[in-house]
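# A look at the structure
Chain by chain, the residues:
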Amino acid sequence: MKNDKKHIKMWKKVLCIILVILAIIALALGIVYLYADNKVDIRTGYNEQIETGGEIESTYLQFGNFNVKKITKKAEAPIKKYTIYYPEIIEQDNKKYPLILMVNGTGGKASKYEPQFELFASWGFIIIGNQDKGTGTGETTIKTLQYMLAENDNPNSIFYQKIDIDNIGITGFSQGGAAVFNAITKYEESTLFKAAAPLSPVSEAMTALATDYTYDSSKVKCPILILTGTEGDFETKTVIPFELLKQQYDKITVPKVMARRTGMDHDHMMYSAGGYVIAWFRWQLMNDQKAAGAFVGDNPELLTNKMYQDQRITLGE
């Protein structure tokens, strides 16, 4: 009996030790997850670290002339929160400003790359993103658009009649790039988008094989700028290999531009092409002719920029 009691006591101690170890492991994993989930992807000053190969590209990587403010609004999951950056002058004047939606890549959320929102807003755009970490279908992107359209009609909102609904753009990275294609092709509100800029989007072929957010690039109806890198961590070297990029590009029948940033991996395409993304939207949504020089004219800058390769510009007459 004494031996039995000793064994029971010993196993109780062992069990307690095991439970303590498991609790420590669970706590450590929780801390690691929280750190990774909230780790900033883009820090203030990121734009000054990007190497450029053209005057226009460099210009639009600098801050514009607008002072910027930020607000956040709570929302239901998976959106959880809207993050909005906007030109401060909106609060005083009666002008309308273009709207750009930023769509998260896999596991991303707006709070992880707010300096990018700030830079875009300094050029006169209202910028909005959310916390959805699985954006591919485009559904939460459309809900975000619906939210801003409602704000534009809400007399109690600072955005009341301040959004230029004829000039709405959308950009997104990786899975967010695929979401851009879905947002501009699959929904009733898709016709509201005037220009798009998917960055290193998950390829159409890959989404058809392995995801629930497959898309069809042939259905794109607004001018589109597609920018990717040449390097990556996949067997195919990039999340959208060049051959697949060409196939998608050839299917698009509206004004279109594509290019690959030489030597750039997938993750860094989230922000490294930002100069041309801002220039694209400044041209498409604000008729900025300096920005247009990156894509049109006798010698479009993008075509001669040594930081890029495989450039194609097909804008029609």
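About the cut-offs
Starting from 1, residues in each chain are numbered consecutively following that chain's sequence as written. Where local features are concerned, this predicted model is filtered to residues with pLDDT of at least 70; where side-chain atom pairs are given and counted, the filter is 80 or more; whole-chain, interface and lining totals use all residues. Side-chain descriptors were evaluated using all non-hydrogen atoms of the structure, hydrogens and water having been removed beforehand. When DSSP finds two or more bridges between two strands, those strands count as paired. Under the DSSP-based scheme used, a helix requires at least four consecutive residues in state H or I and a strand at least two consecutive residues in state E, with every element numbered from the N terminus. For helices, the fitted axis covers only the stretch in contact; all axes are lines through C-alpha atoms, and the angles between them, taken along N-to-C directions, range from 0 to 180 degrees. Lining residues are defined by having an atom within 4 Å of a point belonging to a cavity or pocket. Those points lie on a 1 Å grid over the protein atoms alone, cavities being sets where a 1.4 Å probe fits but cannot get out and pockets being open sets with protein on both sides within 12 Å along at least five of seven lines. Grid points are joined across faces, edges and corners, and a volume is the space filled by probe spheres set on the points. The residue classification treats Ala, Val, Leu, Ile, Met, Phe, Trp, Tyr, Cys and Pro as nonpolar and Asp, Glu, Lys and Arg as charged. All others, Gly included, are polar. The set of buried Ala, Val, Leu, Ile, Met, Phe, Trp, Tyr and Cys residues whose side-chain atoms join them within 4.5 Å is what this entry labels a nonpolar core. Residue exposure (1.4 Å probe, protein chains only): buried if accessible area is under 20% of the type maximum, exposed if over 50%, otherwise partly exposed. Contact criterion: two residues are considered in contact whenever any of their non-hydrogen atoms come within 4.5 Å of each other.

## Notes on the sheet that holds strand β5 (residues 163-173)
Here nine strands make up an open sheet; going across it, the order is β1-β2-β4-β3-β5-β6-β7-β8-β9 and the pairing mixed. The outermost strands of the open sheet, each flanked by one partner alone, are β1 (68-74) and β9 (308-314). Each strand of the sheet is rotated relative to its neighbour by a mean of 15°, with strand direction disregarded. As defined by bridge partners, strand β7 (residues 224-229) adjoins strand β8 (residues 256-261) across six bridges and the pair is classed as parallel. Looking at β8, one finds that L227 is bridged to A259.

## Details of the layout of surface pockets
Any empty space left between the atoms is revealed when a probe the size of a water molecule rolls over them. As a volume, the largest pocket reaches approximately 300 Å³. As for the largest pocket, its lining consists of 16 residues, of which D41, T106, F173, D267 and M270 are closest to the centre. When the residues that make up the lining of the largest pocket are grouped by side-chain class, the tally is five nonpolar, eight polar and three charged.

## As for the nonpolar core
Within the largest apolar cluster, 46 residues are counted, with the highest numbers of intra-cluster contacts made by F120, I127, L227, W280, F281, F295 and Y308. Secondary-structure elements contributing two or more residues to this core are β3 (97-103), α3 (114-121), β6 (193-199), β7, β8, α8 (274-286) and α9 (289-292). Here this core gets eight residues from one element, more than from any other, and that element is α8. The residues touching W280, leaving out its near neighbours within four places in the chain, are A195, A196, A197, P223, I224, L225, V257 and F295. Listed in part, the 41 residues of the second largest apolar core include Y86, A179, F193 and V254.

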